[in-house]
Each structure stands twice: as C-alpha cells, then as structure tokens.
Amino acid sequence: MDDIVEKILWTCRRYRLVSERDTVLAAVSGGADSVAMLHLLLELRETLGIRVKAAHLDHRFRGDESRGDARFVRDLCRELDVPCFTEEVNVPRFVLAHGYSKQEAARMLRYQYLVKVMKLEYCQRIATGHTADDQAETVIMRVLRGAGPD
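In this text the structure is predicted, and so the values were computed from the model without any measurement.

*Asks:* Tell me what's going on with the overall build of the protein chain, and back it up with residues and numbers.
*Replies:* Along the protein chain, the regular secondary structure elements total six helices and four strands. The 150 residues of the protein chain split such that 33% are buried. Considering only contacts within the protein chain whose residues lie at least 6 apart along the sequence, 74% involve residues at least 24 apart. Per element, the accessible surface of the protein chain, about 9800 Å² overall, is 51% carbon and sulfur.

*Asks:* Outline the nonpolar core, listing residues and values.
*Replies:* If you look at soluble globular proteins, the nonpolar side chains tend to sit buried side by side. Judged by nonpolar contacts, the single largest core of 23 residues is most densely connected at Val28, Leu38, Leu41, Leu48, Ile50 and Val52. Where this core is concerned, the elements lending two or more residues are helix H1 (3-14), strand S1 (23-27), helix H2 (32-48), strand S2 (51-58) and helix H3 (64-80). Per-element accounting of this core gives the leading share, eight residues, to H2. Contacts of valine 52, omitting those with residues within four sequence positions, involve Val24, Leu38, Leu41, Leu42, Arg45, Val82 and Pro83. Counting nine residues, the second largest nonpolar core, distinct from the first, contains Ala27, Ala55, Met118 and Cys123.

*Asks:* Which residues make up unusual backbone geometry, and what are the values?
*Replies:* With a phi close to 50°, arginine 16 is a non-glycine residue in the positive phi region. Of note, arginine 16 is situated in the loop between H1 and S1. For arginine 16, a relative accessible area of 70% corresponds to the exposed category.

*Asks:* Describe in detail the pairing of strand S3 (residues 84-88), supporting the description with residues and values.
*Replies:* Summarising the sheet, S2 and S3 pair through five bridges and their orientation is parallel. Residue pairing for S3: histidine 56 is matched across the bridge by threonine 86. Regarding the hand of the β-α-β motif, the stretch spanning S2, H3 and S3 is right-handed.

*Asks:* Could you give an account of the pattern of salt bridges, with specific residues and numbers?
*Replies:* Pairing between side chains becomes possible if they bear opposite charge and their charged atoms approach one another. The tally for this structure, following the rule as stated, stands at five salt bridges. Of the charged contacts in the structure, one is a salt bridge between aspartate 69 and arginine 62, with a shortest N-O distance of 2.3 Å. Between lysine 116 and glutamate 87 there is a salt bridge, and its shortest N-O distance comes to 2.8 Å. Of this pair, lysine 116 sits in helix H5 (residues 102-120) while glutamate 87 sits in strand S3, and the two are 29 residues apart along the sequence.

*Asks:* Describe the packing of helix H4 (residues 91-98) against H5, with residues and values.
*Replies:* The interhelical angle for the contact between H4 and H5, taken along N-to-C directions, is 115°, at an axis separation of 9 Å. The orientation of H4 relative to H5 falls into the category roughly perpendicular. For the element pair H4 and H5, the recorded crossing hand is right-handed. On H5, the residues touching Val91, Phe94 and Val95 of H4 are Lys102, Ala105, Ala106, Met108 and Leu109.

The rules behind the values
- Residues numbered from 1 in each chain as written.
- Predicted model: local features only at pLDDT ≥ 70, side-chain atom pairs only at ≥ 80, totals over all residues.
- Heavy atoms only, no water.
- Helix = DSSP H or I, 4+ residues; strand = E, 2+ residues; numbered from the N terminus.
- Buried < 20%, exposed > 50% of the residue type's maximum accessible area, 1.4 Å probe, protein only.
- Contact = heavy atoms within 4.5 Å.
- Areas by Shrake-Rupley, 256 points an atom, 1.4 Å probe, with all protein chains shown as cover.
- Core = buried A, V, L, I, M, F, W, Y, C linked by side-chain atoms within 4.5 Å.
- Pairing = 2+ DSSP bridges.
- Right-handed = clockwise from strand over helix to strand, strands pointing away.
- Salt bridge = Lys/Arg side-chain N within 4 Å of Asp/Glu carboxyl O.
- Axes fitted to C-alpha atoms, helices over the stretch in contact; angles between N-to-C directions.
- Parallel < 35°, antiparallel > 145°, perpendicular 65-115°, else oblique.
- Left-handed = near helix turned anticlockwise from the far one by under 90°.

Okay, here's the thing in structure tokens:
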C-alpha cells in the first residue's frame with residue numbers, strides 16, 4: 001500500500017473517523033484535492049468496510065466552466081461506479097442579497113447542500129478534501145471578522 005494510503009488508514013482508525021458499514025459522502029469539486037480524496041476513499045472502502053457516494057455543488061461563479069466541473073465530476077463518478085449527486089446554486093445572487101463574501105457564501109451553501117444530501121442518502125459521514133492552507137484561511141477569516149471560539 002502507498003505511504004499516503006497507510007497514513008490515511010492509520011488516521012481513520014486512530015481517530016475513529018468512520019465505522020464499518022458507514023456511508024461516506026465525498027464532497028467532490030472536481031479539483032485535484034477532492035478527486036484524490038475520492039480515489040483514496042475508494043481504495044480504502046473494502047479495508048474500512050465503508051460505502052462511498054459523491055456530491056458536487058456548482059456555485060455558478062464561472063458559467064460554462066463551472067458546468068464543466070459538474071460534468072467532469074458526474075463522468076468521473078460514472079466511470080468509478082460511485083453514486084453522484086449534483087446541484088447548482090446561484091452564489092453570486094446570494095452574495096448580493098445577503099452581503100457575505102463570495103468564499104463565505106460558497107462555503108455556507110456548500111455545507112448546507114452536503115448536509116441535505118447526507119440526510120436524503122442516509123450517509124453517516126462527509127469527507128472534504130481541504131488542505132492545511134484551507135484551514136488557515138478559515139481561521140484568519142474568522143479572526144478578521146471578530147468571531148470568538150463559538
């Protein structure tokens with residue numbers, strides 16, 4: 001097994017991130033991080049005893065390019081035989097109506113969508129392919145906004 005697969009397996013077991021028979025909903029944007037995460041989950045599904053489904057939200061930021069991302073995710077999931085759920089939401093309109101930043105609005109609507117799919121598809125876990133830089137950005141945004149630990 002690859003080093004990274006071993007590390008992920010160790011982390012999943014060490015922190016009990018999934019249980020046998022869980023269905024994991026993978027948030028797949030179509031970017032390298034989330035596609036790699038989907039492949040890793042599929043590689044580990046038998047070892048961990050999990051099922052994998054995928055979800056993609058088109059934020060409508062980039063027109064045809066965004067629709068292309070959704071098409072790529074659907075095609076990839078079809079090739080991998082992974083159930084895939086996609087939806088489109090007009091984040092730019094939501095930003096204008098509610099005054100959030102683009103990133104904050106996209107994140108908020110993406111997680112609302114993921115939770116909706118999770119409930120409808122009886123998934124026990126949601127997996128996202130975020131990097132340490134993504135986490136740092138979230139912390140900085142919250143500090144700048146003045147949010148406390150809650």
